[in-house]
Amino acid sequence: LNARMSDVLNENKRLKKMVDEHQITAVQQRIHLQDAIEAEKNRFESQLNENGFDATQQWQSYELDIDYSKKHYLEWNSLDVVDWILSLSVSFAKYASMLRKNLPKQNIKGKHLSKLDKIEWRALGILDEDDGISLIDHVKALTKQERNQWMNNAERYADNFD
């Protein structure tokens with residue numbers, strides 16, 4: 001029985017590693033797709049400009065929703081958040097399958113990132129203490145500009161009452 005349990009656990013680890021590698025490959029493929037789309041966009045813009053059309057205006061109405069980095073983090077959906085986390089460090093790759101399962105299930109979006117603490121990240125699958133702290137630091141860096149802008153607006157509002 002112990003030998004069978006050991007075999008099952010080893011098989012589970014092997015399958016999990018395979019799924020995580022697949023998730024990393026999927027992110028890399030999306031990055032490759034972005035590059036291909038950007039090259040095609042540049043080629044198309046060049047052709048439009050050669051024929052007297054303003055390519056910039058043509059592209060303003062065309063929005064690609066394949067890349068979280070093209071959107072403000074407050075607009076990210078659950079999968080955008082997962083892609084962002086996986087892009088931060090190779091050390092987060094081990095959480096790919098768990099994050100892809102848990103973040104959409106809990107409907108965690110970019111607008112929720114600043115509210116998540118270590119306990120909540122642990123519940124979402126970030127089990128290593130150092131990884132949890134690192135992720136919180138990354139979130140703080142991501143949201144710092146937003147906080148600074150809010151503080152500046154609050155100070156300007158307060159100045160109106162002096």
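Rules and cut-offs
- Residues numbered from 1 in each chain as written.
- Predicted model: local features only at pLDDT ≥ 70, side-chain atom pairs only at ≥ 80, totals over all residues.
- Heavy atoms only, no water.
- Helix = DSSP H or I, 4+ residues; strand = E, 2+ residues; numbered from the N terminus.
- Buried < 20%, exposed > 50% of the residue type's maximum accessible area, 1.4 Å probe, protein only.
- Contact = heavy atoms within 4.5 Å.
- Areas by Shrake-Rupley, 256 points an atom, 1.4 Å probe, with all protein chains shown as cover.
- Polar contact = N/O pair within 3.5 Å; in protein donor to acceptor, adjacent residues only side chain to side chain.
- Salt bridge = Lys/Arg side-chain N within 4 Å of Asp/Glu carboxyl O.
- Core = buried A, V, L, I, M, F, W, Y, C linked by side-chain atoms within 4.5 Å.
- pLDDT = per-residue confidence, 0-100.
- Phe/Tyr/Trp six-rings, centres within 6.5 Å; stacked < 30°, edge-to-face > 60°.
- Axes fitted to C-alpha atoms, helices over the stretch in contact; angles between N-to-C directions.
- Parallel < 35°, antiparallel > 145°, perpendicular 65-115°, else oblique.
- Left-handed = near helix turned anticlockwise from the far one by under 90°.
- Nonpolar A, V, L, I, M, F, W, Y, C, P; charged D, E, K, R; others polar.

(A) Structural context of the overall build of the protein. Helix and strand counts for the protein stand at 6 helices and 0 strands. Along its sequence from the N terminus, the protein presents helices and strands in the succession α-α-α-α-α-α. Sorting the 162 residues of the protein into buried and exposed places 26% on the buried side. For the protein, contacts bridging at least 24 residues in sequence account for 60% of all contacts bridging at least 6. Total accessible area computed for the protein in this model is approximately 11,600 Å², and 54% of it derives from carbon and sulfur atoms.

(B) Just helix α3 (residues 78-88), in detail. Burial runs high along α3: 8 of the 11 residues are buried. Those residues of α3 lying buried are Ser78, Asp80, Val81, Val82, Asp83, Trp84, Ile85 and Leu86. Where α3 begins, one side-chain oxygen reaches toward the backbone nitrogen of leucine 79, 3.0 Å away; that side chain belongs to asparagine 77.

(C) Focus on the pattern of salt bridges. Under the counting rule described, the total for this entry stands at 5 salt bridges. Between lysine 118 and glutamate 129 there is a salt bridge; the shortest N-O distance is 2.9 Å. With lysine 118 in helix α5 (residues 118-124) and glutamate 129 in helix α6 (residues 129-159), this residue pair connects regions lying 11 residues apart in the sequence. Assessed through its relative accessible area of 39%, glutamate 129 is described here as partly exposed. Among the charged side chains, a salt-bridge network with shared partners connects Lys118, Arg122 and Glu129.

(D) Molecular detail of the nonpolar core. With 23 residues, the main nonpolar core has Trp84, Ile85, Leu103 and Trp121 as its most contacted residues. For this core, the secondary-structure elements that each account for two or more residues are α3, α4 (96-106), α5 and α6. Looking at this core element by element, the count peaks at 5 residues for α3. Not counting the four nearest positions on each side in its chain, leucine 103 is found in contact with Ser78, Val81, Val82, Ile85, Ile108 and Leu124.

(E) Inspection of the confidence of the model for the protein at higher detail. For the protein, mean pLDDT is 80; residues scoring 70 or higher make up 81% of the total. The lowest-confidence element of the protein is helix α2 (residues 55-60), averaging 55 in pLDDT; the highest-confidence one is α5, averaging 94.

(F) Summary view of α4. Within α4, burial applies to Ala96, Leu99, Arg100, Asn102 and Leu103. Residue asparagine 107 follows α4 closely and has a positive phi angle near 60 degrees.

(G) Summary view of the packing of aromatic side chains. Considering all chains together, one arrives at 3 aromatic pairs under this definition. Ring geometry for tryptophan 76 and tryptophan 84: centres 5.6 Å apart, planes at 45 degrees, overall tilted. Connected via pairs of aromatic rings, a cluster forms that spans Tyr73, Trp76 and Trp84.

(H) Geometry of the packing of α3 against α4. Put simply, α3 and α4 touch, their axes get as near as 9 Å, and they point 155 degrees apart. Considering the angle they form, α3 stands roughly antiparallel to α4. Crossing angle aside, the handedness with which α3 passes α4 is right-handed. When α3 is examined against α4, the residues Ser78, Leu79, Val81, Val82, Asp83, Ile85 and Leu86 are found in contact with a partner set consisting of Ala96, Leu99, Arg100, Leu103 and Pro104. Across the contact of α3 with α4, the residue classes tally to 9 nonpolar, 1 polar and 2 charged.

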